[in-house]
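Given next are the chains, with one letter for each unit.
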Amino acid sequence: MFTDKFQQIREALTYDDVLLVPSRTSVEPREVSISSKFSRHINLRVPIVSSPMDTVTESDMAIAMAKQGALGILHRNVTMNQQAGFVRRVKREETIIIRNVHTVSPETPINELRNIMRTKNIGGLPVVSGEKLIGIVTRRDLDFAGKDKKTVEDIMVKKVISAPDNVSIEDAIDILYKNRIEKLPLIDRTGRVVGLITAKDIMKRQNFPDASRDDDGQLLVGAAVGPFDLERAQMLEKEGVDVIVVDTAHAHNENVMNSIRKMRKLVSVDIVAGNIATAQAAEDLISLDVDGLRVGIGPGSICTTRIIAGIGVPQITAVSDVAEVAAKHGVPVIADGGIRFSGDIVKAIAAGASSVMLGSIFAGTEESPGAELIMNGRKYKAYRGMGSLGAIQTGLSDRYGKIGANKFVAEGVEGAVPFKGKVEEVLFQLTGGMKSGMGYVGAKNIEELQKNSRFVKITSSGLRESHPHDIRIVSEPPNYQIYQV
Ligand code: XMP
């Protein structure tokens with residue numbers, strides 16, 4: 001009964017145990033596409049996601065990630081109102097289609113119009129009679145208005161160019177450009193103004209052509225919720241969140257699964273469930289109709305779950321076990337935790353993940369919450385596990401450790417990680433490494449990486465050989481930093 005457990009014991013591997021084998025290739029890294037899925041309905045040009053941790057992802061991080069084509073998942077160690085506020089900030093960062101359009105009537109006196117433009121900081125307004133669009137008035141019309149002009153009707157442009165509500169962003173750009181106009185009202189079939197596109201917002205968008213956006217052109221954002229927090233999930237959905245990540249240390253738990261079943265009925269945005277580490281957990285969660293699976297029990301840099309509870313599965317085995325099941329159902333897998341270098345991302349995706357989630361690497365960037373710290377003349381930023389004492393004592397996050405009423409069993413540590421500059425620079429290095437890896441394998445895209453790659457298992461000598469050796473490094477490249485923290 002007991003010895004059997006060891007006779008058929010399975011070997012489980014992680015990133016450092018394997019390498020991808022190079023193949024004959026005609027693929028150049030610069031031609032590679034790394035587009036992939038985060039969840040069933042969320043596509044990312046850069047399949048890298050920042051963790052929902054209170055030292056990693058708030059609005060600034062989520063905005064920076066989405067602008068680069070990646071995604072941020074807002075942490076839940078705040079009240080649901082605060083978290084909804086984070087979502088609002090991301091969604092409002094770049095609006096392509098303004099939905100809450102200010103309008104004026106033709107009878108509005110010019111003085112009042114001037115006042116509206118000044119206080120609301122608006123350069124132009126559609127003019128409506130009843131609800132119907134009949135003109136447009138801009139600051140320029142106001143500036144050049146003669147003294148005899150009294151109302152909006154006297155100065156507005158009557159031949160207003162508009163577009164139907166479902167116009168594509170590309171067609172809207174075309175219309176704005178061809179007609180040399182600044183503002184394009186969108187109208188429904190009855191002529192009612194239901195949106196507005198401005199040239200200024202389009203220009204802003206062109207600075208980030210590869211950003212992750214929703215159909216209205218707003219940046220994508222995800223948010224974590226506790227498994228039983230149905231109210232929070234609904235509030236976040238109302239605020240416009242694009243994906244809900246059910247955030248628990250062990251999603252393969254009956255109570256958690258019952259609650260996910262309820263949540264599925266209440267929210268219609270994608271739901272990602274996790275964390276899990278086995279094929280059976282994947283089967284059971286997929287049967288609840290979730291849209292993505294987050295994999296990783298204990299691989300994270302701040303995690304002590306494996307040490308405190310004796311539980312976990314080395315990450316690359318966990319990822320491939322889950323992906324084997326998930327692929328049959330078309331459910332994307334997120335490899336969460338333990339990624340230290342860009343090569344680990346290539347390995348995670350080759351092993352079946354569709355995207356990766358990173359805490360430590362992003363905690364060190366300018367956009368993570370909190371100030372920079374200086375220690376021994378080097379810059380750092382604070383980073384802590386969501387199961388660390390500091391995080392669980394806030395009382396808001398119940399991901400780990402609530403065993404007694406006021407006593408906690410921590411499953412994470414608190415510390416600091418080296419400062420790494422802007423998210424944009426970090427992502428540039430990570431995606432560059434991914435493209436390089438895919439070039440060696442001969443994979444033009446993620447699908448080919450998953451299909452055509454082969455792994456070899458290495459020994460501790462192989463790992464030693466892989467890292468720089470027999471040299472004192474005097475200049476660290478930005479993509480290879482092993483600090484003695
Ligand atoms: P990295 O390695 O990127 O890992 O820093 C981030 C992931 O670690 C998980 N996480 C924890 N796991 N105790 C744990 O066992 C914790 O306190 C803890 N906090 C975060 C989480 O999955 C995150 O994305």
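Preceding this section is the structure that the text describes.
Predicted model, so just to flag it, every value in this text is computed and none were measured. (Residues numbered from 1 in each chain as written. Predicted model: local features only at pLDDT ≥ 70, side-chain atom pairs only at ≥ 80, totals over all residues.)

A.B. asks: What is the right way to read the overall build of the chain from this model?
C.D. replies: Helices and strands together make up the secondary structure of the chain, namely 19 helices and 21 strands. Counting contacts in the chain only where the partners sit at least 6 residues apart, residues at least 24 apart contribute 64% of the total. (Helix = DSSP H or I, 4+ residues; strand = E, 2+ residues; numbered from the N terminus. Contact = placed C-beta atoms within 7 Å.)

A.B. asks: How should the sheet that holds strand β19 (residues 378–384) be read in this particular structure?
C.D. replies: Strand pairs in the sheet, formed through backbone hydrogen bonds, run parallel or antiparallel to each other. Ordered in space as β18-β19-β20, the 3 strands form an open sheet in which the pairing is antiparallel. Only two strands of the sheet have a single partner each, and these edge strands are β18 (372–375) and β20 (414–418). Averaged over all neighbouring strand pairs, the angle between strand axes comes to 50°, with direction disregarded. (Pairing = 2+ DSSP bridges. Axes fitted to C-alpha atoms, helices over the stretch in contact; angles between N-to-C directions.)

A.B. asks: Even after reading the chapter, I still don't get the environment of A211, so can you show me in this structure?
C.D. replies: Structurally, A211 is set in the loop between α8 (199–206) and β12 (222–225). Along the primary structure A211 and K37 are separated by 174 residues, whereas in three dimensions their C-alpha atoms are 14 Å apart. Filtering out sequence-adjacent residues up to four positions away, A211 remains in contact with A66, K67, G69 and L219.

A.B. asks: Quick question: what am I supposed to make of helix α3 (residues 80–93) here?
C.D. replies: Given 3.6 residues per helical turn, the α-helix brings residues three or four places apart onto the same face. With 14 residues, α3 extends 20 Å from end C-alpha to end C-alpha; this agrees with the ideal 20 Å at 1.5 Å per step. Those residues of α3 lying buried are M80, Q83, A84, F86, V87, V90 and K91. Taken around the axis of α3, the buried residues stretch over an arc of 150°, which confines them to a single face. (Expected span 1.5 Å × (residues − 1). Buried ≥ 20, exposed ≤ 12 C-beta atoms within 10 Å, placed from the backbone. Arc of directions from axis to C-beta.)

A.B. asks: What is the right way to read the pairing of strand β16 (residues 333–336) from this model?
C.D. replies: Regular strands show a simple pattern: their side chains alternate between the two faces of the sheet. Going residue by residue along β16, you find V333 and A335 tucked away on one face and I334 and D336 tucked away on the opposite face as well. Summarising the sheet, β16 and strand β17 (residues 355–358) pair through 3 bridges and their orientation is parallel. By the bridge assignment, D336 is partnered in β17 with M357. After leaving β16, the chain enters helix α14 (residues 342–350) and then returns to the sheet as β17, a path that is right-handed. (Right-handed = clockwise from strand over helix to strand, strands pointing away.)

A.B. asks: What should I look at first to understand the environment of R118 in this one?
C.D. replies: Relative to the assigned elements, R118 resides in helix α4 (residues 110–120). Overall, R118 belongs to the exposed group, with 10 C-beta atoms counted inside 10 Å. As a C-alpha pair, R118 and A282 span 164 residues in sequence and 56 Å in three-dimensional space.

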